[in-house]
Amino acid sequence: MPDRSNRELLRSLPSIEELLNDPRLKALEGRIARRSLVQAARDAVDGVRKAVLEGACARIDRDDIATDALLRATASQRPSLRRVINASGVVIHTNLGRSVMARSAVEAAADAAGRYSTLEYDTAAMARGSRHAHCEKLICALTGAEAAIAVNNNAAAVMMVLSEFAAGHRAVVSRGELVEIGGSFRVPDIMAASGAAMVEIGTTNKTHARDYARAIDDDTAMLLKVHPSNYRLIGFTENVAIDELRDIADETLADRATRDVHDELLVYEDQGSGAFATLPFFGGYGEPTVAESLKQGADLVSFSGDKLLGGPQAGIIVGSKRHIDRLKANPLARVLRLDKMTIAALEATLRLYLDEERARREVPTLRMLSETVDDLRPRAERLAASLREALDPRDAAIEVADEISRAGGGALPMCDIPTCVVRVTFLRGDVLECERRLICERDVPVIGRIKKDALLLDARTILDEGEEAEIVRALTEYFERPNA
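Every value quoted in this text rests on a predicted model; they were computed, and no experiment measured them.

Conventions adopted
Residues numbered from 1 in each chain as written. Predicted model: local features only at pLDDT ≥ 70, side-chain atom pairs only at ≥ 80, totals over all residues. Heavy atoms only, no water. Helix = DSSP H or I, 4+ residues; strand = E, 2+ residues; numbered from the N terminus. Buried < 20%, exposed > 50% of the residue type's maximum accessible area, 1.4 Å probe, protein only. Contact = heavy atoms within 4.5 Å. Lys, Arg positive; Asp, Glu negative; His and termini not counted. Charge placed at Lys NZ, Arg CZ, Asp CG, Glu CD. Phe/Tyr/Trp six-rings, centres within 6.5 Å; stacked < 30°, edge-to-face > 60°. Salt bridge = Lys/Arg side-chain N within 4 Å of Asp/Glu carboxyl O. Pairing = 2+ DSSP bridges. Axes fitted to C-alpha atoms, helices over the stretch in contact; angles between N-to-C directions. UniProt positions renumbered as here; feature names shortened; annotations may be inferred. Expected span 1.5 Å × (residues − 1). Arc of directions from axis to C-beta.

Engineer: Explain the overall build of the chain to me, please; I cannot follow it from the model alone.
Structural biologist: Secondary structure assignment for the chain yields 20 helices and 17 strands. By the burial criterion, 48% of the 484 residues in the chain qualify as buried. If you take every contact in the chain between residues at least 6 apart in sequence, the share linking residues at least 24 apart comes to 75%. In the chain, the 65 positive side-chain charges and the 76 negative ones have mean positions that sit 5 Å from each other.

Engineer: Explanation requested: the packing of aromatic side chains in the structure shown.
Structural biologist: For any pair of aromatic rings, the description consists of the separation of the ring centres together with the inter-plane angle of the planes. The final tally for this structure, using the stated rule, is three aromatic pairs. Plain terms: the ring middles of Phe426 and Tyr478 are 6.0 Å apart, the flat faces sit at 70° to each other, and that makes the pair edge-to-face. Here the residue Phe426 occupies a position in strand β14 (residues 417-426), and Tyr478 occupies one in helix α20 (residues 465-480), the gap between them amounting to 52 residues. On the basis of relative accessible area, Phe426 is assigned to the buried category, the value being 14%. For Tyr478, a relative accessible area of 4% gives the class buried. By the ring-pair criterion, three or more aromatic residues cluster together here, those being Phe426, Tyr478 and Phe479.

Engineer: Just checking my understanding: could you explain the pattern of salt bridges for this structure?
Structural biologist: Side-chain pairing between opposite charges can occur once the charged atoms of the two side chains come close. With the rule as written, the count across this model stands at 51 salt bridges. Glu29 serves as the salt-bridge partner of Lys26, at 3.7 Å between the closest nitrogen and oxygen. On the accessibility criterion, Lys26 (39% relative accessible area) is partly exposed. Judged by its relative accessible area of 38%, Glu29 falls in the partly exposed class.

Engineer: Would you take a moment to explain the sheet that holds strand β10 (residues 266-272) for this structure?
Structural biologist: As a general point, the strands of a sheet are linked pairwise by backbone hydrogen bonds and lie either parallel or antiparallel. Ordered in space as β4-β12-β11-β10-β9-β5-β8, the seven strands form an open sheet in which the pairing is mixed. Edge positions in the sheet fall to β4 (147-151) and β8 (197-201), since each of these pairs with one other strand and no more. The average angle at which neighbouring strand axes cross in this sheet is 20°, direction not considered. Bridging between β4 and strand β12 (residues 315-319) involves five bridges; their strand directions are antiparallel.

Engineer: Any chance you could explain the UniProt feature "modified residue: N6-(pyridoxal phosphate)lysine" (unreviewed entry) in the chain here in plain terms?
Structural biologist: The UniProt record annotates "modified residue: N6-(pyridoxal phosphate)lysine" (unreviewed entry) at Lys307. Positionally, Lys307 belongs in the loop between β11 (300-304) and β12. Residue Lys307 is classed as buried on the basis of its relative accessible area of 5%.

Engineer: Looking at this structure, how should I read the UniProt feature "domain: L-seryl-tRNA selenium transferase N-terminal" (unreviewed entry) in the chain?
Structural biologist: UniProt tags residues 10-49 as "domain: L-seryl-tRNA selenium transferase N-terminal" (unreviewed entry). Note that residues 10-49 is 68% helix and 0% strand, and that its end C-alpha atoms are spaced 7 Å apart.

Engineer: Explanation requested: helix α18 (residues 373-390) in the structure shown.
Structural biologist: The α-helix winds at 3.6 residues per turn, so residues separated by three or four positions along the chain end up facing the same way. Under the 1.5 Å per step criterion, the end-to-end length of α18 is 25 Å for 18 residues, consistent within 8% with the ideal 26 Å. Those residues of α18 that fall on the buried side of the exposure criterion are Val373, Leu376, Arg379, Ala380, Leu383, Ala384 and Leu387. One side of α18 carries all its buried residues, which in axial view fall inside an arc of 140°. Facing away from the buried side of α18, by more than 90 degrees, are the exposed residues Asp374, Pro378 and Glu389. Here the buried face of α18 lies against β13 (396-405), β14, β17 (454-458) and α20.

Structure, rendered in structure tokens:
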């Protein structure tokens, strides 16, 4: 129970109506809904009340409470999902929305959202059509697949394939590929949820072809290969390639046929990254393309649309027509289907890949991953010059330095990508406090990275001169604060 002094403090708290009559809050009434103003006032009062009860508040300052309510009311109008400036150097940044889409994809999504469309209408037949048809031919042309289907994301794609082809049966997977990736997506959990009986083989670092062969019985429906995503085992390791799994599956199916056992045995690869284009500038660290996995003999391959492909969030499944037809008939095809905006953006992205050089220029993910240090240095020098002009040299030292970028999104985890950054070394203020303000207090947060007490701004992921100007404003505002 509060003591006497605390009770007096609590009684002196302003009422909500008193706060709402503060001239600063009254001025917001035409721009902010009254319910939002009331909630902001309540939250401000509740915060002080809690501090009083915890013994952390010795006096009530009504002006401070009104100021807090004002800040809360203003912040309530800020969208939760909003753009940020990614100066971190991580190209496919999962926390920041993964891939930035091409301009043509953005325009296609906006057009589909703002108008009626042919989402499920076949203009040639003048009858109902299928939303699966919009991207399928393009995907097949680019991968060599017989058929394709796209769903909400790659986790959904994995669930759908396992549910359709392995539910109630055994699926064999290497222990070294039982991965967990962002958001607690764990392969064993997905397999259990799908109804497939997971059969682990090999060891963490080594799995041999004979391990798969020994694990197969007449109830085995699938040989599953999982992309290791954002890690690699190096050193004393061994794994089994898709073409080897294809040989094992074919031998098994031939043996089953002699015994009049006709159950299927699929070779399925969850590729994850979804590379359509070869990225030779990464040398031996490059990811296999979807087309390569199909050529090696995978019946089905699934991958993300918003990783190395550089499109919208989607899970794309490619493979033989008879298998894809089964997936299209699965009830999950409706549960996990894409919306019209995603389909439009995906189709526009895929069209760019019909000309690989154009894709490298216009798909931001490919462009950013392709750029060399020589490409980036002029942009870093330009940002550095703008910061030197805007900031007092007594506040910070500005220099251009060579650093390392990352692909992100679980792609190319072993690849150090040479880059060019602007290093801001603080002579006044504090780099951690600056980082907090750049992220927490701005309508457009600026996300850099800290290394050795300096703020690094990576030119690779800063999209244009408008973002450079925003970074300059953000740092200028920080140093203009009295307590910087």
